[in-house]
Amino acid sequence: MNKPGRHVISLNTTFALGALTLALAGCGLFGPDRNPPAMASPDHYSVQGQAAKLPAADGVSQQLDVGAQPVPEWWKGYNSDALNALVDEGLANSPSLAAAQHSLKSAREGLRSEIGNNLFPSVDVGFAPSRQRSLGIPILPTEETFLENVFVAQVQASYTFDFFGASLLADRALAGQVQQQAFQLESTRRTLAANIVIATINVASLNDQVVATEKLVDLGEQRSQQTAARYKLGGASSDDALSAEQDAANAAATLPALRAQLLAMRHAQAVLIGRTPDKAPEPLSLDDLHLPTNVPVAVPSELVHQRPDILAAEAALRAAADQAGAATASMFPTLKLSASYGRGGFDWTTFSSPAGMIWSIGANLTQPIFHGGALVARKHQYEESYQVAVSQYKQTVLSAFQTVANTLVSLDEDANTVTQTRRAMDAAQGMTRDTDSRYKLGATPFYATLSAGQQYQSARVQYVRARAQRLADTATLFDAMGNPPVDYEGNSLHDTVHDNAAPKATSAAPATTAKPAT
């Protein structure tokens, strides 16, 4: 399995971006502030304070380790080898994750291509032999035509001096988009792992619910038959018989939908791990999944540096700022130098002699003057796109805070729900034992044991759902904490983004007499 963030950036691209940064440091920078806006850092996530220790349920009290580092392979905290194997299989075989990986590689190669085109000179070698037929001169006595062979071989070189950084800023914007895709890949990887864990929990829960509901339906049918028999013997009223029949039918009606839901969840689990639906793994038991006792909870100020979706939004913001800067810089002059050297002639003798030497050198200084307002409109377009990126970054941060707050509240209430449903199940189980004992002693009729059994199975279904919800919400909280990706050298991917950024300009624009074009 690949380590987190191993698909981010290669050493060659790092070197090229370093050269790009040095070049940008020496030229005037344009565009808005590349740093993300400062966000309010609340003392706690929820509107109510959150205790460091959650209520105990089933003998387990979860500890919230505030400020602790996130756990990369957090699913191993469930202490299930079968679950670990499913997650590993999904991360290795998921087509959606593979597509995201190849998309990132494609974007990285596109970045290399643009850097190569803009940062370095271009050198080409050409050889152009041709045979030509030319018309004669009309004023001559004879209007003859001429056949001639032309041989030309040249080495051509050109380089554009990007004094105001238009191309360099555009390259850095593209590099930011590549970083954004890298963070999105990490987010996809983490989401896939979380979905596999939650799907496995739901399959285990639904499987247990189906088993309990089948017993509930069987007990209901027996009770209906017993009540109908008692009605025929005069021991029960017609209303009692009809009510028992209705209860049995209502219970039986819930079973088909529950079975279909179980199969649908198993199919979804199979697709998540890269299998066809018919190859879905066998359901695990909830007893095979142990609730993690310690869950890291980052403080809000650190969460923004850990979640891949927030880091992706930050990278998008920086790229939008660079695009706006590139649009402004493109309104200023550019200088292109070109040179060529080679040989030519009408025959091989001339081609190879000193007379066949040809060369050229030139410069082209371009200052856009009038483009019908297109350049100004493009500048305003990217400035508005930057404002969109700023708003999206803020919304991503707020949504992340909301997700954590909701999950913390859910975990707190999950523990209480597990406690109460377990209490109800234990009471129903005790009532079932007492009813069975009284029936064996002849103190109560048989149908009373069936009613008690139904109540126990119904309470057991609620308890199974509560346990599964607690396990699933724990997985959601682990995933919500994020995980700082690392590059090939073990550095934080967030730090890599900042290191690749050029120093902030101290002035809005360089001193120049050139006027921007419209």
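All of these numbers come straight from a predicted model, not from anything done at the bench.

A.B. asks: Any details on the overall build of the protein? Residues and values, ideally.
C.D. replies: When helices and strands are counted, the protein shows 11 helices and seven strands. For the protein, the proportion of contacts with a sequence separation of at least 24, taken over those separated by at least 6, is 84%. Total accessible area on the protein stands at roughly 26400 Å², and carbon and sulfur atoms take up 55% of it.

A.B. asks: I'd like to hear about the confidence of the model for the protein, residue by residue, with values.
C.D. replies: Model confidence for the protein is summarised by a mean pLDDT of 85, while 86% of its residues fall at 70 or above. For the protein, per-element mean pLDDT is lowest for helix 11 (residues 493–499), which scores 43, and highest for helix 2 (residues 81–93), which scores 96. The low-confidence segment residues 17–28 (pLDDT under 50) makes 26 contacts with residues lying over four places distant or belonging to another chain. Long-range and interchain partners of residues 493–518, a stretch whose pLDDT sits below 50, account for 67 contacts in this model, where long-range means more than four residues apart.

A.B. asks: Any chance you could break down the packing of helix 4 (residues 166–232) against helix 5 (residues 238–272) for me, citing the residues and the numbers?
C.D. replies: The N-to-C vectors of helix 4 and helix 5 enclose an angle of 160°; their axes lie 7 Å apart at closest approach. As summarised for this structure, helix 4 and helix 5 are arranged roughly antiparallel, according to the angle between their axes. Between helix 4 and helix 5 lies a crossing whose hand is left-handed. Here the contact of helix 4 with helix 5 is composed, by residue class, of 19 nonpolar, 13 polar and eight charged.

A.B. asks: Now, about the side chain of Asp162: what can you tell me, with residues and values included?
C.D. replies: Structurally, Asp162 is set in the loop between strand 4 (146–161) and helix 4. This buried residue, Asp162, is left without a salt bridge; Arg378 holds the nearest opposite charge, at 10 Å. If near-sequence neighbours (up to four positions away) are discounted, Asp162 is found in contact with Ser167 and Leu168.

A.B. asks: Give me the pattern of salt bridges: which residues, what numbers.
C.D. replies: Per the counting criterion, the structure on display carries 16 salt bridges. Residue Arg422 is joined to Asp58 by a salt bridge in which the shortest nitrogen-to-oxygen separation is 3.1 Å. On the criterion of sequence distance, the pair formed by Arg422 in helix 9 (residues 374–440) and Asp58 in the loop between helix 1 (11–25) and strand 1 (63–66) is long-range, its members being 364 residues apart. Residue Asp58 is classed as partly exposed on the basis of its relative accessible area of 36%. Among the ionic pairs, Lys379 bridges to Glu383, the shortest N-O distance being 2.6 Å. Of this pair, Lys379 and Glu383 both sit in helix 9, separated by four residues, roughly a single helical turn. What emerges from the salt-bridge pattern is a single network uniting Arg34, Arg172 and Asp322.

A.B. asks: Hey, could you go over the environment of Lys215 for me, with residue numbers and the actual values?
C.D. replies: Residue position: Lys215 is located in helix 4. Residue class for Lys215 comes out partly exposed when judged on its relative accessible area of 43%. When the C-alpha positions of Lys215 and Gln454 are compared, they lie 8.0 Å apart, and in sequence the two are 239 residues distant.

A.B. asks: Mind laying out the environment of Leu408, listing which residues take part and the relevant values?
C.D. replies: Turning to its location among the elements, Leu408 is positioned in helix 9. A relative accessible area of 3% means that Leu408 is categorised as buried. Each C-alpha atom, one on Leu408 and one on Asp473, is 8.4 Å from the other, the two residues being 65 residues apart in sequence. Setting aside residues up to four positions removed in sequence, Leu408 forms contacts with Tyr45, Gln50, Leu64, Val297 and Leu477.

A.B. asks: Describe the nonpolar core, listing the residues and the values that go with them.
C.D. replies: What tends to happen in soluble globular proteins is that the nonpolar side chains get buried as a cluster. The biggest cluster of nonpolar side chains holds 62 residues, and the ones touching the most others in it are Val197 and Leu477. Residue assignment for this core shows that the elements contributing at least two residues are helix 2, helix 3 (95–119), helix 4, strand 5 (294–297), helix 7 (308–329), helix 9 and helix 10 (446–480). For this core, the element with the highest residue contribution is helix 4, accounting for 12 residues. Look past the residues within four positions of Val197 in its chain and what remains in contact with it is Trp74, Trp75, Tyr78, Leu83, Val87 and Ala475.

A.B. asks: Which residues make up the pairing of strand 4, and what values do they have?
C.D. replies: Looking at chain direction, strand 2 (residues 122–127) and strand 4 are connected through six bridges and run antiparallel. Note that in strand 4 the partner of Val125 across the bridge is Val155. As defined by bridge partners, strand 3 (residues 130–134) adjoins strand 4 across five bridges and the pair is classed as antiparallel. Bridge pairing in strand 4 links Ser134 to Phe146. By the bridge criterion, 11 bridges tie strand 4 to strand 6 (residues 334–345) in an arrangement that is antiparallel. Within strand 6, the residue paired with Val155 across the bridge is Tyr341.

A.B. asks: I'd like a rundown of the packing of aromatic side chains, residues and numbers included.
C.D. replies: Under the counting rule described, the total for this entry stands at eight aromatic pairs. Judged by centre distance (5.8 Å) and plane angle (15°), the ring pair of Phe161 and Phe163 falls under stacked. Residue classification places Phe161 among the partly exposed residues on the basis of a relative accessible area of 30%. By relative accessible area, Phe163 is classed as partly exposed at 45%. Both rings, one in Tyr439 and one in Phe446, keep their centres 5.3 Å apart while their planes meet at 55°; by these two values the pair is tilted. Judged by relative accessible area, which is 38%, Tyr439 ranks as partly exposed. On the basis of relative accessibility, which here comes to 30%, the residue Phe446 falls in the partly exposed class. Put simply, the rings of Phe30, Phe164 and Phe332 pair up and form one aromatic cluster. The side chain of Arg230 reaches across the aromatic face of Tyr447, ending 3.8 Å from its centre.

What counts, and where the lines are drawn
- Residues numbered from 1 in each chain as written.
- Predicted model: local features only at pLDDT ≥ 70, side-chain atom pairs only at ≥ 80, totals over all residues.
- Heavy atoms only, no water.
- Helix = DSSP H or I, 4+ residues; strand = E, 2+ residues; numbered from the N terminus.
- Contact = heavy atoms within 4.5 Å.
- Areas by Shrake-Rupley, 256 points an atom, 1.4 Å probe, with all protein chains shown as cover.
- pLDDT = per-residue confidence, 0-100.
- Axes fitted to C-alpha atoms, helices over the stretch in contact; angles between N-to-C directions.
- Parallel < 35°, antiparallel > 145°, perpendicular 65-115°, else oblique.
- Left-handed = near helix turned anticlockwise from the far one by under 90°.
- Nonpolar A, V, L, I, M, F, W, Y, C, P; charged D, E, K, R; others polar.
- Buried < 20%, exposed > 50% of the residue type's maximum accessible area, 1.4 Å probe, protein only.
- Lys, Arg positive; Asp, Glu negative; His and termini not counted.
- Salt bridge = Lys/Arg side-chain N within 4 Å of Asp/Glu carboxyl O.
- Core = buried A, V, L, I, M, F, W, Y, C linked by side-chain atoms within 4.5 Å.
- Pairing = 2+ DSSP bridges.
- Phe/Tyr/Trp six-rings, centres within 6.5 Å; stacked < 30°, edge-to-face > 60°.
- Lys NZ or Arg CZ within 6 Å of the ring centre and 35° of its normal.

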